[in-house]
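Spelled out from the first residue to the last, the chains are:
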Amino acid sequence: MTNALMASLKPERNPNIPDLQPGDTVRVHQRIKEGRNERIQVFQGVVIAMRGGNEPGATFTVRRTGAHGVGVERIFPFYSKNVEKVEVLRKAKVRRAKLYYLRERQGKAARLKEKRFLSV
Amino acid sequence: MKGIIGKKVGMTQLFDENGAVVPVTVVEAGPCYVVQVKTEETDGYNAIQIGYMEVPERKLTKGQLGHLRKAGAPPLRYLREIRLPEPPEGVQPGDVIKADVFEEGQLVDVIGTSKGRGFAGVVKRHGFRGGPKTHGQSDRHRAPGSRGAGTTPGHTFPGTKGAGQMGNKRVTVQNLKVALVDAERNLIAVKGAVPGPRNGIVFIQSAKKAR
């Protein structure tokens, strides 16, 4: 993305997505098209990774533990308009950018410490 | 049949109206000038010749300058021809062709010169697997294997894949969808990849085999 021409073509970041950080617990409202119908699907979980920086292909990964302790991860784009809304429910104190270690943990071990003093 | 000459700017991603990612190659296309109109009567075939990229006069020979002056076009570095089935109508030398000859959604063929990879071995050039990496192999790791039978036929069959020059060759990519057209900024974005390096010259024309 060095060329000025290319930079001018860069799509706008989805304004409905606030600044996120790894460890945030979020509710993602995604617009889903099924044939002619459109509906909103909500996915709640922990942001365990963000990648892509400022590129239009940037994404974030949300992990939640589904029924019977089955882990479910979904990857959402930062630049697509299909994400209707993202709510940040809780911010956690984490010490790395990618929280892949949560995949090996269950229950109590998979907890994250809440951030008390938000540094903005 | 429509065509335009351009310069590859690079690749990026756009989003369509459904929010899905579209990988695109951005091409700075035109403005091109019609330099010559060829007809069956005068030249034996129908075509229009177009030119791209203005350069200072000193960069061209007098012969080239004379050819362009006849059309009323500025000094241009690159000339290409668009072959037409019928004699062109309403096209005059000196006309300007802009990116808006194409519309979004249309299919185009893109012609360019692929990146040169020099004299490449058979693994890189044709995707051969090479030899085993272990079990006492010496100098067999990227070898091509057999080139054919022995005394009969007594020669290598023509067309047998071997090492040799790879790339730096004219390549056509067919049926790419035009994702974006901006005539003001002379931009065309086509879905998918296009041959050649960034800043390489590419020729875009209406798809020959569009269905």
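Quick notes on the rules
- The written sequence of each chain sets the order in which its residues are numbered from 1.
- Labels follow written order: the first chain is A, the first ligand is 1, and so on.
- Owing to the predicted nature of the model, reporting of local features is limited to residues with pLDDT of at least 70; listing and counting of side-chain atom pairs is limited to 80 or more, with chain, interface and lining totals taken over all residues.
- Excluded from the side-chain calculation are hydrogens and water; included are all heavy atoms of the structure.
- Whether two strands pair comes down to DSSP finding at least two bridges between them.
- A run of DSSP states H or I qualifies as a helix once it reaches four residues; a run of E qualifies as a strand once it reaches two. Both are numbered from the N-terminal end.
- In what follows, residue pairs with any heavy atoms lying within 4.5 Å of each other are defined as contacts.
- Here the axes come from fitting lines to C-alpha atoms, over the contacting stretch only for helices, and the angles between their N-to-C directions go from 0 to 180 degrees.
- We call a residue buried when its accessible area falls under 20% of the maximum for its residue type, exposed when it is over 50%, and partly exposed in between, using a 1.4 Å probe and counting protein chains only.
- Arc, as used here, means the arc of the directions from the helix axis to the C-beta atoms.
- Any carboxyl oxygen of Asp or Glu that lies within 4 Å of a side-chain nitrogen of Lys or Arg is treated as forming a salt bridge with it.
- By convention, the term buried area covers the 1.4 Å-probe accessible surface removed from two parts as they join, with the contributions of both added.
- N or O atoms within 3.5 Å of each other form a polar contact, as long as, within protein, one can give a hydrogen and the other can take it, and as long as residues adjacent in sequence are counted only when both atoms are side-chain atoms.

### As for the sheet that holds strand S4 (residues 47-54) of chain B
Hydrogen bonds between backbone atoms are what pair the strands of a sheet, whose relative direction is either parallel or antiparallel.
Residues and elements named next belong to chain B.
No. 1: Taken together, the four strands give an open sheet; going across it, the order is S5-S4-S3-S6, and neighbouring strands pair in antiparallel fashion. This sheet does not close on itself; its edge strands, each paired only once, are strand S5 (76-83) and strand S6 (96-97).
No. 2: By the bridge criterion, two bridges tie strand S3 (residues 32-38) to S6 in an arrangement that is antiparallel. Along S6, the bridge assignment pairs Tyr 33 with Val 96.
No. 3: Here helix H2 (residues 62-71) sits on the sheet in contact with S3, S4 and S5, set at roughly 90 degrees to S3.

### Focus on the side chain of Ser 114 of chain B
Residues and elements named next belong to chain B.
No. 1: Of note, Ser 114 is situated in the loop between strand S7 (107-113) and strand S8 (118-120).
No. 2: Looking at Ser 114, the relative accessible area reads 16%, which means it is buried.
No. 3: Setting aside anything within four residues of it in sequence, one finds Ser 114 in contact with Gly 167, Asn 168, Lys 169, Val 171, Pro 195 and Gly 196.

### Things to note about H2 of chain B
Residues and elements named next belong to chain B.
No. 1: Along H2, the positions that sit buried rather than exposed are Leu 65, Leu 68 and Ala 71. The buried residues of H2 all sit within an arc of 120 degrees when viewed along its axis, so they share a single face. What points out from H2, more than 90 degrees from its buried face, is the exposed set Lys 62, Gly 63, Arg 69 and Lys 70.
No. 2: Tucked into the core, H2 has its buried residues touching S3 and S5.
No. 3: Of the residues trailing H2, Gly 72 is marked for its positive phi of about 75 degrees.

### Thoughts on the pattern of salt bridges
No. 1: Going through the model one piece at a time under the given rule, you end up with seven salt bridges over all chains.
No. 2: Residue Glu 81 of chain B pairs with Lys 38 of chain B through a salt bridge whose shortest N-O separation is 2.7 Å. One end of the pair, Glu 81 of chain B, is in strand S5; the other, Lys 38 of chain B, is in strand S3, with 43 residues separating them in the sequence.
No. 3: Since its relative accessible area comes to 28%, Glu 81 of chain B is described here as partly exposed.
No. 4: In this structure Lys 38 of chain B comes out as buried when scored by relative accessible area, which is 13%.
No. 5: Put simply, Arg 63, Glu 73 and Arg 103 of chain A are held in one network by salt bridges that share partners.

### Digging into the interface of chain A and chain B
It is common to give the size of an interface as the accessible area lost on bringing the parts into contact.
No. 1: Listed by partner, the interface residues are 13 residues for chain A and 14 residues for chain B.
No. 2: It is Leu 5, Met 6 and Leu 9 of chain A that lose the most area in chain A upon contact with chain B, and together they represent 50% of the buried surface on that side.
No. 3: Inspection of the region where chain A meets chain B yields zero salt bridges.
No. 4: At the surface where chain A touches chain B, the tally comes to one residue pair in polar contact (both at pLDDT 80 or more).
No. 5: It is helix H1 (residues 4-9) of chain A that provides the largest number of residues to the side of chain A that touches chain B, a total of four residues.

### Structural notes on the sheet that holds strand S1 (residues 3-15) of chain B
All names here are of chain B.
No. 1: Reading around the circumference, S1-S2-S11-S10-S7-S12 is the order of the six strands in this closed barrel, with antiparallel pairing throughout. Strand-to-strand twist of the sheet, defined as the mean angle between neighbouring strand axes without regard to direction, takes the value 50 degrees.
No. 2: As paired elements, S7 and strand S12 (residues 201-206) share five bridges and run antiparallel to each other. Within the sheet, the bridge partner assigned to Gly 112 lies in S12 and is Val 202.

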